[in-house]
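Residues per chain, in single letters:
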Amino acid sequence: MSNKRLDSRRRRQVLAGIGVAAIGSGFASATVAGQEETVTVTLDNVGISAWEVTGVEGADDVGPTGEENPQLTLQEGVRYTFVNNGGGSHPLAFRASDGETLLSQSDDGSFEGDSETDWVDDGGSVSFTLTSELADEMATYVCTVHGSMTGSIETTQAGPAATVTFSDQSSTGTSVVVDAVELTDGGFVTIHNSNLLDGDAVGSVIGVSEYLGSGSYENVTVELDTPLVEGETLVAMPHRDTDGDEEYTFVESEGGADGPYVVEGDAVIDDADVQVDGAAAVQMSDQMTRGETVIVDFARLDDGGFVTIHDSTLLDGDPLGSVVGVSSYFDGGTYENLNISLDETLTGDDTLIAMPHRDTDGDGEYTFVESEGGADGPYTFDGGAVTNAADVTVLGDATVTISDQETDGTSVVVDSAELDDGGFVTIHDSSLLDGDALGSVVGVSEYLEPGSYEDLEVVFNEELTEDDTLIAMPHRDTNGNQTYDFVEEEGGADGPYFQDGAAVTAQAEVTVLGDATVSFSDQETDGMAVIVDSAELEDGGFVTIHDSSLLDGDALGSVVGVSEYLEPGSYEDLEVVFNEELTEDDTLIAMPHRDTNGNQMYDFVEEEGGADGPYVNDEGGAVVADASVTVTDDMDDGMGGGMDETESTDDGMEETESTDGDGPGFGPVAGIAGLSGVATYLYRTFGVDDEREED
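Attention in this report is confined to the structure presented alongside it. Starting from 1, residues in each chain are numbered consecutively following that chain's sequence as written. Owing to the predicted nature of the model, reporting of local features is limited to residues with pLDDT of at least 70; listing and counting of side-chain atom pairs is limited to 80 or more, with chain, interface and lining totals taken over all residues. Where side-chain values are given, they derive from all heavy atoms of the structure, hydrogens and water being excluded.

## Quick look at the overall build of the protein
Here's step 1: Counting its regular elements, the protein contains five helices and 50 strands.
Here's step 2: Residue contacts follow a heavy-atom distance rule, with two residues in contact if any of their heavy atoms lie within 4.5 Å. Residue pairs in contact within the protein that sit at least 24 positions apart in sequence constitute 64% of those at least 6 positions apart.
Here's step 3: Total accessible area on the protein stands at roughly 32,500 Å², and carbon and sulfur atoms take up 42% of it. Under the scheme used here, helices are H or I runs from DSSP no shorter than 4 residues and strands are E runs no shorter than 2 residues, and both carry numbers assigned from the N terminus. Surface exposure here means Shrake-Rupley accessible area, sampled with a 1.4 Å probe, where a residue is shielded only by the protein chains that are shown.

## Notes on the sheet that holds strand E17 (residues 232-239)
Here's step 1: Here a strand pair is declared whenever DSSP counts at least two bridges between the two strands. Spatially, five strands are ordered E12-E20-E17-E14-E15 in an open sheet, and the strand pairing comes out mixed. Where the open sheet ends on each side, the last strands, each with one partner, are strand E12 (169-171) and strand E15 (205-208). On average, each strand axis in the sheet is tilted by 35° relative to the strand beside it, whichever way the strands run.
Here's step 2: Sheet topology note: the strand E14 (residues 188-192)/E15 ladder contains three bridges and is antiparallel. Bridge pairing links Ile-191 to Gly-207 in E15. Lines fitted to C-alpha atoms define the axes, with helix axes restricted to the stretch in contact, and inter-axis angles between N-to-C directions lie between 0 and 180 degrees.

## What about the sheet that holds strand E44 (residues 542-546)?
Here's step 1: Taken together, the five strands give an open sheet; going across it, the order is E42-E48-E47-E44-E45, and neighbouring strands pair in mixed fashion. Each edge of the open sheet carries a strand with a single partner, namely strand E42 (523-525) and strand E45 (559-562). Going from strand to strand, the sheet's axes swing by 35° on average, the running direction of each strand aside.
Here's step 2: With three bridges connecting them, E44 and E45 associate as antiparallel partners. Counted as the bridge partner of His-546 is Val-559 from E45.

## So, the side chain of Thr-308
Here's step 1: By secondary structure assignment, the location of Thr-308 is in strand E24 (residues 306-310).
Here's step 2: Buried means the residue's accessible area, taken with a 1.4 Å probe over protein chains only, is under 20% of the maximum for its type, while exposed means over 50%, and partly exposed covers the values in between. Accessibility expressed as a relative area gives 0% for Thr-308, which makes it buried.
Here's step 3: Within the structure, Thr-308 has its side chain in polar contact with the side chain of His-357 (distance 3.4 Å).
Here's step 4: Those residues in contact with Thr-308, other than ones at most four positions away along the chain, are Gly-325, Val-326, Ile-353, Ala-354, Met-355, His-357 and Tyr-366. The term polar contact refers here to a pair of N or O atoms within 3.5 Å; inside protein, the definition further demands a hydrogen-donor-capable atom paired with an acceptor-capable atom, and it admits residues adjacent in sequence only when both atoms are side-chain atoms.

## Re unusual backbone geometry
Here's step 1: The backbone phi angle of Asp-382 is positive, close to 55°, even though this residue is not glycine.
Here's step 2: Considering the arrangement of structural elements, one finds Asp-382 in the loop between strand E28 (380-381) and strand E29 (384-385).
Here's step 3: A positive phi angle is found at Glu-490, which is not glycine, with a value near 55°.
Here's step 4: Positionally, Glu-490 belongs in the loop between strand E37 (468-475) and strand E38 (498-499).
Here's step 5: Glu-490 sits in the exposed class, given a relative accessible area of 66%.

Remember, this is a structural readout, not a statement about activity or role.
This is how it looks when you write it as structure tokens:
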């Protein structure tokens, strides 16, 4: 097997410069420069006898304020700005213990030309970075004119620090071992390939350790995301956990978080030549499964053979009985994403181990168990079997049911859902049937804990305006954040539950209910009927007339008249005959009702509200209009512009249809506001919100 590595001389030259220069395109601006702390110290003179600190920004431990010539504590790696309020009469300088001037507003200091110190003097203030070399020399701050204005300086090492040791080694190519790492602030050890040496700090990451708390570690194994197939120079680099979530997000954030530990602007690193040896390698990630198969990410079998899956009894020393799955025979080569069937369905979570085996008897059949280990033994490396373990979680099931239904366009009701592992129930429109799994999502439930649910209301993202076939689909919370990310992650998270290789779904025909309007004017009546000025019922139905007992909550007993069945459409001057003669003036309420059972018969009262309920508005209240209706014996009094027609009834009474009246009444707004009884009843019976105002 071929192995390549960088020329050692070139490697030393390149690695010596890794820091802002070599990795600037990857994270110099985002992390190294971003991690440099800045502190501002304001000094003033006390006459000509002393300095005093009057303010500090960016640190708490530089020095006390209000004291004369206080001792200052400065930290390596920090950039300091000293504001000199003493002005030109008191030039500020920093000196070594032997009196050598290091930095000065009036003299030439020995560190003023150092690029890493980056000395800046703008007259009123000075700025510099305290490098380790400068820290080793700095001892005092002084006024170059008045010798009594002198204070001492103590320097300390930079804050969080790390060391790493990474030796040349041989590997199967799926992992490497970092000899030692020390992280004073916790974090991770990343492995970069040689692309780092070309300045690609993000794309060069090929492996990351688990989170490591503060402390020292030895022999840290790091699994490689992309297994090596030939030798290469790799770089180990300790990274901080800057966002404190114990998850490595440096690559995901494009260098904005979890940057490397640095010393004087350079990343802490060590490199190693990693040779790929051994005739086999295997890699298997933690995963979820339905229990029937598992995925092996990578396998290399130079001499051909099989990949076996062992359960955790292998860890107890049972190499034969632990075999729970075997691949087909593979010729010599490299393979990815192997789907290996298990002999029996896995019913509980377990640690499974992938192990490449040889075909020692050359028959293309796996006989290791049958021969009790006498044939087809495992590939070995460094004295042990080549293996890789993964934690495998068995996924729970889900069921869902949804019935054909009507909706006002704002939500649907899922009859039942059971999610063994919790998650969400999504609603997809019919574009799902054309293959649009993402764009078809029109509604998502809140996060559901594992369990069973009934009558689950799912609100639409946008109002549904047309009848459609909708599909209910249980989804998992695969990233565990209790937020539905399937669409945002373009299917990369929170995928659906599956059964027999297909998503678990249920579909229903959903009809969007039409709206209704009604207007009803104050008028006179002979007690036999009233005229509803106009009504529009998009789904057809009836217009009912309720007396004022509706306002006291009697939604059923208040019905005093019902129109004939009305086809969908608009109506004007609609006469509604009373069930019994109206004998007293009253406030009457006109209310459009649906024909929910489709029999063209008004069954709301007979079914005690169980059928033919009222149309409701966008706020969830019944659509109504009220009018003051005056009962009069003489309808032909010249008011209202005359009568339409008059007929004699059998009892000598006159039945009269009149035009709209202008008598006193609540008016539509006040009438709705006064519907205390119907609002209460409808809330109780139909789930209509009670949004009444006090009349």
